[in-house]
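# Examining the three-dimensional arrangement
Chain by chain, the residues:
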Amino acid sequence: MNVREIVLEAAEALRIAGIEEYRLEAELLLAEALGVSRLEILTDSQREINDAEKKKFDGMIKRRKKHEPYAYIVGRKEFMGLDFCVGEGILVPRPDTEILVETVMEAAKKYGLKTIAEIGVGSGCISVSLAKHAGLKCYGTDISETAVETAEKNAENNEVSDNTAFFKGDIFDGIPPMKYDVVVSNPPYIRGKDMDTLMEDVRKYEPEGALYGGEDGLDFYRKITEGSLEFLRHGGYIFYEIGYDEAGEVSKILADNGFTDIKIEKDLSGLDRVVWGRKGDFDV
Ligand code: GLN
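In this report, we go over the structure that sits alongside the text. Every value quoted in this text rests on a predicted model; they were computed, and no experiment measured them.

## Description of the site of the ligand
As a structural note, the neighbourhood of the ligand is formed by R94, N186, P187, P188, Y189, I190, A210, L211 and E241. Between the ligand and A210 there is a distance of 3.5 Å, counted from an oxygen atom to a backbone nitrogen or oxygen. Of the residues belonging to the shell around the ligand, the class tally is 6 nonpolar, 1 polar and 2 charged.

What follows is the structure in structure tokens.
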């Protein structure tokens, strides 16, 4: 079979399996299997595929047909222009989370913020991007050992190991005890009754521990906000990614804990995506 034939066949299989971007993904996965660019797939459509290449590609298509996330199959995901290794047990970086990173970077520049504590680092995409693009000093925790190891590897691959340090622990457990300028988190925030409505790719394959935020989805906002009172300096800032309908409740949690100047940022779809606020100058 040649490239064109094999792409058409795989695209059809993915379409039947309910993969939305079936043609594009078939092309990209073949490019991945052959170790070439998508452009070469498009321009070299008569190239014959050998058995070893076909076998490798078939394995990838088989996984994708079951709705395993594309990023797990290729083992990486682009975020903030950087490459991140991902795999089972790691939440795949989402484009929406770039809004969170950009909000922190803008505030860091404006208010001269330098030290960051990140709760729940996952792949490390937030801390690594902040270290790489803004030169910030990032310390992070995650309860998952796989996450800590992955974040370390991603820091190394992106050459920011000197500006990042990751620790295994729940919420603030394990973080170096000091007063940080910033606390940032994209915590698990899906509420109990919404877990079943997640896309199959997410629900079946991505770690529940990175998604489920308790019955009302807000467990981690409460815990992190309370914990931040010890680790955030007066006048420091907290930044959260939130579910699109959680801005009101998360703002209230911040206000109840003495935060001021609370602001909401929208994502590219116009949905509320980030809530941030400033810790008051005095203990409450
Ligand atoms: N944005 C993710 C999703 O919709 C949820 C990530 C999270 O809970 N932090 O799948």
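## Side note on the pattern of salt bridges
Evaluation of the coordinates by the stated rule reveals 23 salt bridges. A salt bridge links R273 to D267, with the shortest nitrogen-to-oxygen separation between them at 3.1 Å. Across the pair, exposure class does not vary: R273 and D267 are buried alike.

## What to know about the sheet that holds strand β5 (residues 164-168)
Pairing is mixed across the open sheet formed by 7 strands, whose spatial order is β5-β4-β3-β6-β7-β9-β8. The two strands at the open ends of the sheet, each matched to only one other strand, are β5 and β8 (259-266). Pairs of neighbouring strands in the sheet enclose a mean axial angle of 15°, with direction left out of account. Here 5 bridges tie strand β4 (residues 137-142) to β5, and the two strands are oriented parallel to one another. Bridged to C138 within β5 is T164.

## With respect to the packing of aromatic side chains
Scanning the entire structure with this criterion turns up 8 aromatic pairs. Centroid distance Y111 to Y237: 4.8 Å. Interplanar angle 15°. Geometry classified as stacked. Linking Y111 in helix α6 (residues 97-111) with Y237 in strand β7 (residues 232-241), this pair joins segments that are 126 residues apart in sequence. Judged by its relative accessible area of 33%, Y111 falls in the partly exposed class. We classify Y237 as buried; its relative accessible area is 6%. Seen from the ring of F220, K223 lies directly overhead, with NZ or CZ sitting 5.3 Å from the centre. Between K263 and the ring centre of W276, over which it is positioned, the NZ or CZ distance is 4.9 Å.

## Quick notes on the nonpolar core
Formed by 31 residues in total, the largest nonpolar core has its most connected members in I116, L130, V184 and F239. Sorting the residues of this core by element identifies β2 (82-85), α6, α7 (125-134), α8 (145-157), β6 (180-185), β7 and β9 (272-279) as the ones contributing at least two each. The leading source of residues in this core is α6, at 6 residues. What F239 contacts, discounting residues up to four positions off in sequence, is L100, T103, V104, A107, V182, V183, V184, S185, V275 and W276.

## Concerning the side chain of D267
The residue D267 is located in the loop between β8 and β9 in this model. The class of D267 is buried, set by a relative accessible area of 6%. Sequence-distant contacts of D267, defined by excluding residues within four places in its chain, comprise D96, I99 and R273.

Calculation rules
Residues numbered from 1 in each chain as written. Predicted model: local features only at pLDDT ≥ 70, side-chain atom pairs only at ≥ 80, totals over all residues. Heavy atoms only, no water. Near = heavy atom within 4 Å. Polar contact = N/O pair within 3.5 Å; in protein donor to acceptor, adjacent residues only side chain to side chain. Nonpolar A, V, L, I, M, F, W, Y, C, P; charged D, E, K, R; others polar. Salt bridge = Lys/Arg side-chain N within 4 Å of Asp/Glu carboxyl O. Buried < 20%, exposed > 50% of the residue type's maximum accessible area, 1.4 Å probe, protein only. Pairing = 2+ DSSP bridges. Helix = DSSP H or I, 4+ residues; strand = E, 2+ residues; numbered from the N terminus. Axes fitted to C-alpha atoms, helices over the stretch in contact; angles between N-to-C directions. Phe/Tyr/Trp six-rings, centres within 6.5 Å; stacked < 30°, edge-to-face > 60°. Lys NZ or Arg CZ within 6 Å of the ring centre and 35° of its normal. Core = buried A, V, L, I, M, F, W, Y, C linked by side-chain atoms within 4.5 Å. Contact = heavy atoms within 4.5 Å.

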